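Next come the chains, spelled out residue by residue.
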Amino acid sequence: MIIITNMTTTTSTITLYDRVTELKAFDQAKTGVQGLVDAGIRYVPRIFINQPETIQKASTSIELPVIDLGSTDRASVVEKIRVASENIGLFQVVNHGIPLSVMHETLQGIRRFHEQDVENKKRFYSRDASRTVVYNSNFDLYTSPAANWRDTYFSFMAPSPPKVEELPEVCRDIQIEYSNHVLKLGGLLFRLISEALGLKPNHLGDMECDKALTFVGHCYPACPQPDLTMGATKHTDDGFLTVLLQDDIGGLQILHQNQWVDVPPTPGALVINIGDLLQMISNDKMKSVEHRVVANEKGPRVSVACFFSSSLAASMKVYGPIKELLSDENPPRYRETTVHDYVQYSFSKGLDGAPHLLHLKL
């Protein structure tokens, strides 16, 4: 186990420390990782230190698909999405209809939120993930093996967005504008994915896969010892689809053919990744990609992930493998669930590195 001894990093036998007390002290400060960096910390606190095997270096690179949504060859776009969704679980899109100025200002807005006066930020600090507007560090702080070097602000933006005055003043206008753009883009993406599954264009839309949106603004502050911790440990996303906007620092990696692969930022592009619920309803035809974010000496890295999912909002609608995709040769591989129940299970497990979809396997 890696510990800190006399302010130097060494490998030693397990040294017991009161982890819960240190977690509570960090949590109750309500200043997050950014607060540690602002205080001039030079060493990663023990609560953030990962076991070495969690942080293997990226060992390969592949050319990740960049799909032009402005193309007039719809059949080619659908085929590229099908191949990427089945084989990788991730692709990038350009000519997606969201102006570069809106993308830039969205990242700036989230940076302003995380770098604003601490007392203003504390007003939003909560561990209640069902609240419409929440800021905290590590939703799974008390259950994960090690905390991640990351602070997060999130809110539900559809179908029932917060009142404007409930959103943080430093980012509310651009957050609303960007979310509206992403909802429109989601409608297009779900039509294309429906066709990629061999279904009618409106199939996933009629299933309401594109109706709920959760807006998540991450901040990964500069880390003094990036080899000891992670920005986000290995996980899959529990929703249907994720639209990721990232700045130019990078750090996102996907697990492809048992190798970690960098997903470097492409100027003007958005990263689209398949989530657990889309893998489940497609009966494993599409792949929910395992990914992580490495810590970095440079920072802060800022990203905005928009999840097409109603998350922990109350929901009665039941989802299971789409009947049109099933046959005697391809029987259902998952049991049915509501979005709420699956996300609640996923939240309870945290970023533990285990595939949460196994919970629904038949």
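What comes next concerns the included structure.

So, how was this worked out
- Residue positions within a chain follow its written sequence, with the count starting from 1.
- Selection of residues for local features in this predicted model requires a pLDDT of at least 70, selection of side-chain atom pairs for listing and counting requires 80 or more, and totals for whole chains, interfaces and linings are taken over all residues.
- For side-chain calculations, the full set of non-hydrogen atoms in the structure is used, while hydrogens and water are omitted.
- Runs of E in the DSSP output that reach at least two residues are strands. Runs of H or I that reach at least four are helices, and both are numbered from the N terminus.
- Restricting the calculation to C-alpha atoms gives the radius of gyration, and the globule rule supplies 2.2 Å times the number of residues raised to the power 0.38.
- Type-normalised accessible area, obtained with a 1.4 Å probe on protein chains alone, sets the label of each residue: buried when under 20%, exposed when over 50%, and partly exposed for intermediate values.
- Calculation of accessible area relied on Shrake-Rupley with a 1.4 Å probe; when residues are assessed, cover is drawn exclusively from the protein chains displayed.
- None of His or the chain ends enter the tally, which takes Lys and Arg as positive and Asp and Glu as negative.
- Throughout, a charge is located at the NZ atom of Lys, the CZ atom of Arg, the CG atom of Asp or the CD atom of Glu.
- In what follows, a contact means two residues having at least one pair of non-hydrogen atoms within 4.5 Å.
- Under this scheme, a helix contributes an axis fitted over its contacting stretch, all axes are lines through C-alpha atoms, and angles between N-to-C directions fall in the 0 to 180 degree range.
- Orientation categories follow fixed angle ranges, with anything under 35 degrees roughly parallel, anything over 145 roughly antiparallel, 65 to 115 roughly perpendicular, and all other angles oblique.
- Residue type decides the class: Asp, Glu, Lys and Arg count as charged, Ala, Val, Leu, Ile, Met, Phe, Trp, Tyr, Cys and Pro as nonpolar, and the leftover types, Gly among them, as polar.
- Two strands form a pair only when DSSP identifies at least two bridges running between them.
- Take the residue count of a helix, subtract one, and multiply by 1.5 Å to get its expected span.
- Note: the arc covers the axis-to-C-beta directions of the helix.
- Think of a nonpolar core as a cluster: buried Ala, Val, Leu, Ile, Met, Phe, Trp, Tyr and Cys residues, connected wherever their side-chain atoms sit within 4.5 Å.
- Pairs of N or O atoms within 3.5 Å make up the polar contacts considered here, provided that, within protein, one atom can donate a hydrogen while the other can accept it, and that residues adjacent in sequence are counted only when both atoms are side-chain atoms.
- Every case where a carboxyl oxygen of Asp or Glu lies within 4 Å of a side-chain nitrogen of Lys or Arg is listed as a salt bridge.

1. A look at the overall build of the chain
Then comes step 1: A count of helical and extended segments in the chain gives nine helices and 16 strands.
Then comes step 2: Compactness check: the chain gives a C-alpha radius of gyration of 20 Å against a globular reference of 21 Å for 362 residues, within 12% of the reference.
Then comes step 3: By the burial criterion, 53% of the 362 residues in the chain qualify as buried.
Then comes step 4: Of the accessible surface of the chain, which amounts to about 16,200 Å², a share of 51% is contributed by carbon and sulfur atoms.
Then comes step 5: Positive and negative charge centroids in the chain, built from 35 and 42 side chains respectively, lie 2 Å apart.

2. So, the environment of Leu 244
Then comes step 1: Mapped onto the secondary structure, Leu 244 falls in strand S9 (residues 241-246).
Then comes step 2: A C-alpha to C-alpha distance of 4.9 Å links Leu 244 and Val 271, two positions 27 residues apart in sequence.
Then comes step 3: In this structure, Leu 244 is in contact with Leu 252, Leu 270, Val 271, Ser 303, Val 304 and Ala 305, ignoring residues within four places of it in sequence.

3. Some details on the packing of helix H3 (residues 74-87) against helix H6 (residues 172-196)
Then comes step 1: Look at H3 against H6: their axes get within 9 Å of each other, and the N-to-C directions meet at 80 degrees. One finds that H3 runs roughly perpendicular with respect to H6. Across from Arg 74, Val 77, Val 78, Ile 81 and Arg 82 in H3, the residues of H6 making contact are Arg 191, Leu 192, Ile 193, Glu 195 and Ala 196.
Then comes step 2: Residues of the contact of H3 with H6, tallied by class, amount to six nonpolar, no polar and four charged.

4. Considerations on the sheet that holds strand S6 (residues 151-158)
Then comes step 1: An order of S3-S4-S12-S9-S14-S7-S6-S5 is seen for the eight strands of this open sheet, with the pairing classed as mixed. The sheet terminates laterally at strand S3 (66-68) and strand S5 (133-136), the two strands that pair on one side only. Across the sheet, the mean angle from the axis of one strand to that of its neighbour is 25 degrees, orientation sign disregarded.
Then comes step 2: Note: S3 against strand S4 (residues 90-94), three bridges, orientation parallel. Across the sheet, residue Asp 68 finds its bridge partner in S4, namely Val 94.
Then comes step 3: The strands touched by H6 within the sheet are S4, S6, strand S7 (213-220), S9, strand S12 (270-274) and strand S14 (301-308), with S9 carrying the most contacts at an inclination of about 135 degrees.

5. As for H3
Then comes step 1: Over its 14 residues, H3 extends 20 Å from the first C-alpha to the last, a length consistent with the 20 Å expected when each residue adds 1.5 Å.
Then comes step 2: Buried residues of H3: Val 77, Val 78, Ile 81, Ala 84 and Ser 85, and no others. Buried residues of H3 fall within an arc of 135 degrees about the axis and therefore sit on the same side.
Then comes step 3: Buried residues along H3 sit in contact with S3, S4, H6 and S12.
Then comes step 4: Positioned one or two residues after H3, Gly 89 has a phi angle of 90 degrees, which is positive.

6. Re the nonpolar core
Then comes step 1: In terms of nonpolar packing, the biggest core is built from 84 residues, with Tyr 178, Leu 189, Leu 204, Leu 241, Val 243, Leu 270 and Ile 281 touching the most fellow members.
Then comes step 2: When residues in this core are grouped by element, the largest group, nine residues, is from H6.
Then comes step 3: Listed in part, the 14 residues of the second largest apolar core include Tyr 17, Leu 141, Cys 223 and Leu 228.

7. Thoughts on the environment of Arg 301
Then comes step 1: Examined against the element boundaries, Arg 301 turns out to sit in strand S14.
Then comes step 2: Separated by 83 residues in the primary sequence, Arg 301 and His 218 have C-alpha atoms spaced 8.1 Å apart.
Then comes step 3: With residues up to four places along the chain from it excluded, the contact list for Arg 301 reads His 218, Cys 219, Tyr 220, Gln 246, Asp 247, Ile 249, Gly 250, Gly 251, Leu 252 and Val 293.
Then comes step 4: At a separation of 3.2 Å, a polar atom in the side chain of Arg 301 contacts the main-chain carbonyl oxygen of Gly 250.

8. Looking at the pairing of strand S13 (residues 291-294)
Then comes step 1: Judged from the three bridges that link them, strand S8 (residues 230-235) and S13 form a sheet pairing that is antiparallel. From the neighbouring strand, His 235 faces S13, where its bridge partner is His 291.
Then comes step 2: Bridge count between strand S10 (residues 252-256) and S13: three bridges; the pairing is antiparallel. Note on S13: the bridge partner recorded for Leu 252 is Val 293.

9. Some words on the pattern of salt bridges
Then comes step 1: Taken as a whole and judged by the stated rule, the model has 13 salt bridges.
Then comes step 2: Note that Glu 86 and Arg 82 form a salt bridge whose closest N and O atoms lie 2.9 Å from each other. Of this pair, Glu 86 and Arg 82 both sit in helix H3, four residues apart, which is roughly one turn of the helix.
Then comes step 3: The class for Glu 86 is partly exposed, based on a relative accessible area of 22%.
Then comes step 4: Assessed through its relative accessible area of 25%, Arg 82 is described here as partly exposed.
Then comes step 5: Shared partners join several salt bridges into a network, and the residues in it are Glu 79, Arg 82, Glu 86 and Lys 285.

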